Amino acid sequence: MAESGVAPAGGELDEEFAVPSHVDDVTEQIAAFAAGHGAGGRRVVLITSGGTKVPLESRTVRFLDNFSSGRRGASSAEYFLDAGYAVVFLHRHRSLYPYARMYSGINLLDTLQIKRDCDQVVVNQQVLPNIAKVLQRYQQVKEDGLLLSIEFSTLSEYLHLLKAAAQALSKLGSQAMFYLAAAVSDFYIPASEMPEHKIQSSNGPLQITMEMVPKILSPLVKDWAPRAFVISFKLETDASILLDRARNALDTYSHQAVVANVLDTRRGYVVVVTPETQAELILTDEDVRKEVEIEELIVSNLTAAHSQFMNKHQS
Ligand code: PMT
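Overview of the structure. Because the structure is predicted, anything quoted here is derived from the model rather than measured.

Here we take up the overall build of the chain. When you go through the chain residue by residue, the secondary structure sums to eight helices and 14 strands. By the compact-globule yardstick of 20 Å for 315 residues, the chain fits well, its C-alpha radius of gyration being 21 Å. The principal-axis extent of the C-alpha atoms belonging to the chain is close to 65 × 60 × 45 Å. Classification of the 315 residues of the chain by burial places 47% in the buried group. Split by element, the accessible area of the chain, about 16700 Å² in all, is 49% carbon and sulfur.

Moving on to the pattern of salt bridges. Under the definition given, this model contains twelve salt bridges. Residue E196 pairs with R59 through a salt bridge whose shortest N-O separation is 2.6 Å. Placement of the pair is E196 in the loop between strand 9 (187-188) and strand 10 (211-212) and R59 in the loop between strand 2 (53-55) and strand 3 (63-65), with a sequence separation of 137 residues. Residue E286 pairs with K290 through a salt bridge whose shortest N-O separation is 3.5 Å. Residue E286 is classed as partly exposed on the basis of its relative accessible area, which comes to 36%.

Turning our attention to the site of the ligand. The ligand sits among 24 residues. The nearest are S68, S69, G70, L217 and N261. For the ligand, a nitrogen atom lies 3.0 Å from a polar atom in the backbone of A181. Contacts to the ligand include P214, whose backbone N or O atom sits 3.1 Å from a nitrogen atom. Under a 2 Å grid-point criterion requiring more than half of the atoms, the pocket assigned to the ligand is the largest pocket. For the shell around the ligand, the secondary structure elements donating two or more residues are helix 2 (71-82) and strand 11 (229-236). When residues in the shell around the ligand are grouped by element, the largest group, four residues, is from strand 11.

This part covers the packing of helix 1 (residues 23-39) against helix 4 (residues 155-169). At a closest axis distance of 9 Å, the pairing of helix 1 and helix 4 adopts a crossing angle of 30°. As summarised for this structure, helix 1 and helix 4 are arranged roughly parallel, according to the angle between their axes. At the point where helix 1 passes helix 4, the crossing takes the right-handed sense. On helix 4, the residues touching V23, V26, T27, I30, A31 and A34 of helix 1 are H160, L161, A164, A165, A168 and L169. Looking at the contact of helix 1 with helix 4 residue by residue, the classes come out as ten nonpolar, two polar and no charged.

All right, on to helix 2 then. Its twelve residues place the ends of helix 2 17 Å apart at the C-alpha level, agreeing with the 16 Å of an ideal helix rising 1.5 Å per residue. The buried fraction of helix 2 is high, at ten of twelve residues. Three or more residues of helix 2 are buried, namely R72, G73, A74, S75, S76, A77, E78, Y79, F80 and L81. Of the residues trailing helix 2, G84 is marked for its positive phi of about 100°.

The next point concerns the nonpolar core. Counting 87 residues, the largest nonpolar core has I30, F80, V87, L169, F178, Y179 and L302 as the members making the most contacts within it. With ten residues, helix 4 is the single largest residue contributor to this core. Those residues in contact with I30 that lie beyond four places of it in its chain are V88, L148, I150, A165, A168 and L169.

For the structure on display, the rule yields eight aromatic pairs. A centroid spacing of 5.2 Å and a plane angle of 65° characterise the contact between F80 and Y85, whose relative ring orientation is edge-to-face. Each member of the pair F80 and Y85 is classed as buried. Centre to centre, the rings of F152 and Y158 are 5.2 Å apart; their planes meet at 75°, and the pair counts as edge-to-face. The residues F152 and Y158 share a single accessibility class, namely buried. By way of ring pairs, the aromatic residues F80, Y85, Y179 and F233 are connected into one cluster.

Reading the values: the criteria
Residues numbered from 1 in each chain as written. Predicted model: local features only at pLDDT ≥ 70, side-chain atom pairs only at ≥ 80, totals over all residues. Heavy atoms only, no water. Helix = DSSP H or I, 4+ residues; strand = E, 2+ residues; numbered from the N terminus. Rg over C-alpha atoms; globule rule 2.2 N^0.38 Å. Buried < 20%, exposed > 50% of the residue type's maximum accessible area, 1.4 Å probe, protein only. Areas by Shrake-Rupley, 256 points an atom, 1.4 Å probe, with all protein chains shown as cover. Salt bridge = Lys/Arg side-chain N within 4 Å of Asp/Glu carboxyl O. Near = heavy atom within 4 Å. Polar contact = N/O pair within 3.5 Å; in protein donor to acceptor, adjacent residues only side chain to side chain. 1 Å grid on protein atoms, 1.4 Å probe; cavity = no way out; pocket = protein on both sides within 12 Å on 5 of 7 lines; lining within 4 Å. Sits in = over half its atoms within 2 Å of the grid points. Axes fitted to C-alpha atoms, helices over the stretch in contact; angles between N-to-C directions. Parallel < 35°, antiparallel > 145°, perpendicular 65-115°, else oblique. Left-handed = near helix turned anticlockwise from the far one by under 90°. Contact = heavy atoms within 4.5 Å. Nonpolar A, V, L, I, M, F, W, Y, C, P; charged D, E, K, R; others polar. Expected span 1.5 Å × (residues − 1). Core = buried A, V, L, I, M, F, W, Y, C linked by side-chain atoms within 4.5 Å. Phe/Tyr/Trp six-rings, centres within 6.5 Å; stacked < 30°, edge-to-face > 60°.

Structure follows, in C-alpha cells:
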C-alpha cells in the first residue's frame, strides 16, 4: 500500500481501492465525448459533485459519508452550459442534478393531476414554477449532447472514475477544465482490513482506525491532465484559516485556482484564489431578491480566467 495520505507514485491508484467494473466503458464514453466536442472547438469542463461514501464492511451495511448536497455542482453545470461549455458531470448517485435540482424535494404525485372525465394526466404548473422553460433548456442540452452524466457512490468509484475522466480529457490540453466541487473523504478503511460481514453491536463499542486517502489533486495536475485548467475547492468551518488553507493548496499542487468557502456562508460568499489574485464574490441583497445564485458569479469569474489561460498555453 502507498504511504498514507501521500500522492500515488506515477499516478497509479493503490490496489486497496477496488476498480469499478464499468470503468472501461466510462473511459470510452468520455473519450468519445471529448473528441467530438474538442474537434468542434468547444471547451469541456469536468464537474465533480456530491460527497463520497466510505464503507465500513465489504458487504456494506454501514458507511461514513461526506457532507454535500450537490447543489454547487449541479447549478454550476447549468451556468457552464449557458457559457458554451460541454459538461461531464461526475456526481454522487442521487445528489442534486442540473435542472431537476430546482424541483428536488417535491413529491412527484403532488405535481400531477388527472383531468376530469378522462384518464389523461397533466402537470400542475403551480407546483413546478417555470417548468416549461426549464424543461425546454434541459431537452435542448440533451439533444445537443452537451451533458454527459456519470455517477459514483463510494470513494473508490470516485477515484477511479476521476482518473479515467482526467486521462480521457487530457487530450484536449488547455481546452479542458476540472472543477472539483465534490466533498471527498480524507479517510478510508483499506479493503484488506475491512471486515466482510456486518459489524456486530453485541461485541460492544466500536473502535476503528482509518488510513489517509492520497491527495488526488497531485497526480491529476502532474500526471493525468498536466495541461488542463484545474480548480479545487476548499471548505472550512473556521473562516479565520480559510485563505491560508487555500493558498497552501495552491503552493502544494501548483494548479490554477482554489474556490474557498465557509460552510455557513457558502451560498452567498466565496473567494476565488489564484497564485496572483484573490477575488471576493458576494451576493448583494439585490442579487438575492432577483434570485441570482453565487455559482453564476463563480462560473463567470472562472470562464474568463480559463480564456486567459488558453491564450497563454495554446493546447
Ligand atoms: O454540494 P453543496 O451542498 O452545494 O456544497 C458545496 C461544497 C461546500 C461541498 C463545495 O463548495 C466544496 O467546498 N467542496 C470541497 C469540499 C472539501 O471539503 O474539500 P477538501 O478540503 O476535502 O478538499 C480540497 C480539494 O482537494 C477538493 O477540491 C478535492 O477535490 C481535493 N481532494 C480532496 C481529498 C483527496 N483525497 N484528494 C483531493 O485531491
